[in-house]
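Spelled out from the first residue to the last, the chains are:
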Amino acid sequence: MSLREAALRALCTSEPSAKVAQARELLARFDAAELDAARQLSEPARLPGRPPRPRLVEPKQVPARSPFTPEGRAALLHAIAHIEFNAINLALDAVWRFAGMPVAFYRDWLQVAAEEALHFSLLREHLRSLGFDYGDFDAHDGLWLMARRTAGDIVARMALVPRTLEARGLDATPPLQAKFARAGDARAVEILGIILRDEVGHVAIGNRWYRWLCERHGLDPLALYEQLTVQYEAPRLRPPFNREARLAAGFTEGEIDRLA
C-alpha cells in the first residue's frame, strides 16, 4: 500500500483513536519512494470516516457555549476537538486526492495530519478529565463542506481551507485562551497555546502551496482569492485579525488590510 493509499485508508477510518494512530504513523514512515504521487486514486463512496457521534446539525443549531459552567466548558472544548478531528481529515484528504504534486507537498500535509491528531488527542484527554468525551455534544460539518466543494480544484482547496477556514483559528484562539483563563482552566489555555503555535505552521503551508500553484498557472493570488471566495461561497472573515500570527503564517500586510 502506497503512502497516499494509506492516507485514504486513515481518512476512511471511523474510530477516532485508530484514525489518530494511523495519521501519526504515516508521518513516521514517510518515504518519497512509497508515495506513488502520480497515480490518481478512486474516491470511495463515503468520506470521511467518522464515529456515529457527535450528531451533526446545522451550525445555527449548535448552542452558544460558555466556559464558566462545567458543562459549558466541556461543550466548548468539544467544539474545538471537533475542529481538530476534521482538520485531521482535511490534511489526509489533501494527501490522497491531489496527484502529481511535488514530494514536499505530501510531506507537509502528512505533518499537518500528525499534528492535528496530537491536538485532538490532547483535547480529548482533557475533555475526559472533566467527565465527558468526544461525541457527547452536537457538532456541525462546516469544515468538511468546504472540502467537498473544492474536491476538484486544488487551488481553491489551498485558498479556502488552510488559509481561510483554518486561519480563522489564528484570530479566535487568543480570545478563547482568555476565556478559559478567566474560568480557571490552565490546562485548556496550555493546549490552545500548542494548537496556535502549530496552526501558524499549517496556515503557512497552505499559503506556500497556494502561491506555488498560482505561480505555476500564471495566476494573480490576490485577485484569484477574491474570486474563489465568491465562487465557492466561503464565509466572510471578520476582524479583529491576529496580525502577528497571520504575518508569521505568510500573509502579507496588504492581504490582512484587504481582509479588514
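In this text, all values refer to a predicted model and were calculated from it rather than measured experimentally.

K.L.:
What's the story with the pattern of salt bridges in this structure? I'm lost.
P.N.:
A side chain of one charge can pair with a side chain of the opposite charge if their charged atoms are brought near each other. The tally for this structure, following the rule as stated, stands at 23 salt bridges. Between glutamate 255 and arginine 211 there is a salt bridge, with the nearest N and O atoms lying 2.7 Å from each other. In this pair, glutamate 255 is assigned in helix H11 (residues 253-259) and arginine 211 in helix H8 (residues 186-217), connecting sequence segments 44 residues apart. Taking relative accessible area as the criterion, glutamate 255 reaches 10% and is therefore assigned buried. For arginine 211, a relative accessible area of 28% puts it in the partly exposed group.

K.L.:
Would you explain empty space enclosed by the protein in this entry?
P.N.:
One water molecule sets the probe size; rolling that probe over the atoms shows where empty space is left. Per the stated rule, a full pass over the model turns up 1 cavity of 30 Å³ or more. What the largest cavity holds in volume is close to 40 Å³. If one sorts the elements of the lining of the largest cavity by residue count, helix H6 (residues 154-165) sits on top with 4 residues. Of the residues in the lining of the largest cavity, the class split is 7 nonpolar, no polar and 2 charged.

K.L.:
Where do I start with the layout of surface pockets in this structure?
P.N.:
Empty space within the largest pocket amounts to approximately 1400 Å³. Taken together, 45 residues line the largest pocket, and the ones lying closest to its centre are Ile83, His140, Leu165, Arg168 and Ala172. Elements with a contribution of two residues or more to the lining of the largest pocket: helix H3 (70-97), helix H5 (142-149), helix H7 (168-182) and H8. Among the residues making up the lining of the largest pocket, the classes are represented as 23 nonpolar, 7 polar and 15 charged. Estimated volume of the second largest pocket: approximately 400 Å³. Lining the second largest pocket are 16 residues, and of these Tyr225, Glu226, Thr229, Arg258 and Leu259 lie nearest its centre.

K.L.:
I would appreciate a short explanation of the packing of aromatic side chains in the present structure.
P.N.:
Two descriptors summarise a pair of aromatic rings, namely the distance from one centre to the other and the angle between the planes of the rings. One pass over the structure, following the stated rule, counts 8 aromatic pairs. Measuring from centroid to centroid gives 5.1 Å for phenylalanine 120 and tyrosine 134, while their planes differ by 90°, and the two rings are edge-to-face. Residue phenylalanine 120 is found in helix H4 (residues 103-129), and its partner tyrosine 134 is found in the loop between H4 and H5; the two are separated by 14 residues along the sequence. Taking NZ or CZ as reference, arginine 107 lies 5.9 Å from the ring centre of phenylalanine 30, over its face. Over the ring of tyrosine 225 we find arginine 163; its NZ or CZ atom is 5.0 Å from the centre of that ring.

Quick notes on the rules
Residues numbered from 1 in each chain as written. Predicted model: local features only at pLDDT ≥ 70, side-chain atom pairs only at ≥ 80, totals over all residues. Heavy atoms only, no water. Salt bridge = Lys/Arg side-chain N within 4 Å of Asp/Glu carboxyl O. Helix = DSSP H or I, 4+ residues; strand = E, 2+ residues; numbered from the N terminus. Buried < 20%, exposed > 50% of the residue type's maximum accessible area, 1.4 Å probe, protein only. 1 Å grid on protein atoms, 1.4 Å probe; cavity = no way out; pocket = protein on both sides within 12 Å on 5 of 7 lines; lining within 4 Å. Points joined across faces, edges and corners; volume = space filled by probe spheres on them. Nonpolar A, V, L, I, M, F, W, Y, C, P; charged D, E, K, R; others polar. Phe/Tyr/Trp six-rings, centres within 6.5 Å; stacked < 30°, edge-to-face > 60°. Lys NZ or Arg CZ within 6 Å of the ring centre and 35° of its normal.

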